[in-house]
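# Fold and contact review
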Amino acid sequence: MVLLTRRRSLAAFAALAASPVIVQARAGGSRALSFKHLHTGEALEVEYFSAGRYLDDALAAVNHLLRDFRSGEAGTMDPALLDLLHALRERTGAQAPYQIISGYRSPATNRMLHERSGGVATRSLHMSGQAIDIRVADVPLARLRDAALALQRGGVGFYPGSNFVHVDTGRVRAWRG
């Protein structure tokens, strides 16, 4: 049994409070997102990051919501993609939920879509949980694209004819679909 005197307790607390983990937790705060999946009708509002760490239950809920709606298969979404969405929300001031067109895609679904359209990459980052196709009701599509481009955190595809923006955590690049 370790008995800490008041002086040793205060010293231990001061050392802990100055540790990088605690400082990061204070600086990191919490991060939350809200989604509305346009194909399933499901909605989710979730705090996915708190006290310096990602929350496993919240990430599981996001993975379920962003599953391949055609096959029901869920992948593991990249937490950096969620952070990108959080930063995008802060940059645009969006209040409405992200409207989801496509999150995770199974290889079979991606293959089928690629065969139907030349605009679907054979090695799409959707298959690794690193990409999402979105829009936000209270942010004009071009403004959403411009904000994503300004973040310089990955790829940004602009699809005004289909009314969505693709964002991913791959290399920084941009295209118009």
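Fair warning: this is a prediction, and the values are worked out from it, not measured in the lab. (Residues numbered from 1 in each chain as written. Predicted model: local features only at pLDDT ≥ 70, side-chain atom pairs only at ≥ 80, totals over all residues. Heavy atoms only, no water.)

### Description of the overall build of the protein chain
What the protein chain contains, in helices and strands, is six helices and eight strands. The N-to-C order of helical and strand elements in the protein chain reads α-α-β-β-β-α-α-β-α-β-α-β-β-β. Classification of the 177 residues of the protein chain by burial places 42% in the buried group. Relative to all contacts within the protein chain whose residues are 6 or more apart in sequence, the contacts with residues 24 or more apart total 54%. Accessible surface computed for the protein chain: about 9,800 Å², of which carbon and sulfur atoms make up 54%. (Helix = DSSP H or I, 4+ residues; strand = E, 2+ residues; numbered from the N terminus. Buried < 20%, exposed > 50% of the residue type's maximum accessible area, 1.4 Å probe, protein only. Contact = heavy atoms within 4.5 Å. Areas by Shrake-Rupley, 256 points an atom, 1.4 Å probe, with all protein chains shown as cover.)

### Some details on the sheet that holds strand β2 (residues 43-50)
Read across the sheet, eight strands follow the order β3-β2-β1-β4-β5-β7-β6-β8 without closing on themselves; strand pairing throughout is mixed. Looking at strand neighbours, the two that pair on one side only are β3 (53-54) and β8 (173-176), the edges of this open sheet. Here strand β5 (residues 131-136) pairs with strand β7 (residues 164-168) via four bridges, running antiparallel. Paired with D133 across the two strands is H166, which belongs to β7. Seen against the sheet, helix α3 (residues 56-65) touches β1 (31-37), β2 and β3 and runs at an angle of roughly 145° to β2. Most of the contacts of helix α6 (residues 141-151) go to strand β6 (residues 155-159), to which it runs at about 165°, and overall it touches β5, β6, β7 and β8. (Pairing = 2+ DSSP bridges. Axes fitted to C-alpha atoms, helices over the stretch in contact; angles between N-to-C directions.)

### Here we look at the pattern of salt bridges
One pass over the structure, following the stated rule, counts five salt bridges. Close ionic contact of R145 with D146 constitutes a salt bridge, the shortest N to O distance being 2.9 Å. Of the residues examined, D146 reaches a relative accessible area of 39% and is grouped as partly exposed. Linking D168 and R173 is a salt bridge whose minimum nitrogen-to-oxygen distance equals 2.8 Å. When its relative accessible area of 22% is taken as the criterion, R173 is described as partly exposed. (Salt bridge = Lys/Arg side-chain N within 4 Å of Asp/Glu carboxyl O.)

### Brief notes about the pairing of β7
Burial analysis of β7 places five of its five residues in the buried class, the great majority of the element. Relative to β7, β6 runs antiparallel, the two sharing four bridges. When the sheet's bridge partners are listed, Y159 is paired in β7 with F164. Where β6 folds back onto β7 in an antiparallel hairpin, the turn is made up of four residues, including N163, whose phi is positive at roughly 60°.

### Comments concerning the side chain of D133
Structurally, the position occupied by D133 is in strand β5. At 3.3 Å, the side chain of D133 and the side chain of H126 are in polar contact. Side-chain polar atoms of D133 contact the side chain of H166, separated by 3.0 Å. (Polar contact = N/O pair within 3.5 Å; in protein donor to acceptor, adjacent residues only side chain to side chain.)

### Some details on the packing of helix α4 (residues 79-92) against α6
Where α4 contacts α6, the axes come no closer than 10 Å and their chain directions differ by 120°. Judged on the interaxial angle alone, α6 and α4 are oblique. Handedness of the crossing formed by α4 with α6: right-handed. Only R143, L144, A147, A148, A150 and L151 of α6 make contact with α4, whose side of the interface consists of L84, A87, L88, R91 and T92. Of the residues in the contact of α4 with α6, the class split is eight nonpolar, one polar and two charged. (Parallel < 35°, antiparallel > 145°, perpendicular 65-115°, else oblique. Left-handed = near helix turned anticlockwise from the far one by under 90°. Nonpolar A, V, L, I, M, F, W, Y, C, P; charged D, E, K, R; others polar.)

### Brief notes about the environment of D138
You can see D138 is positioned in the loop between β5 and α6. On the accessibility criterion, D138 (37% relative accessible area) is partly exposed. The spatial distance from the C-alpha of D138 to the C-alpha of Y98 is 9.8 Å, given a sequence separation of 40 residues. Apart from the residues within four sequence positions on either side, D138 is in contact with A94, Q95 and A96.

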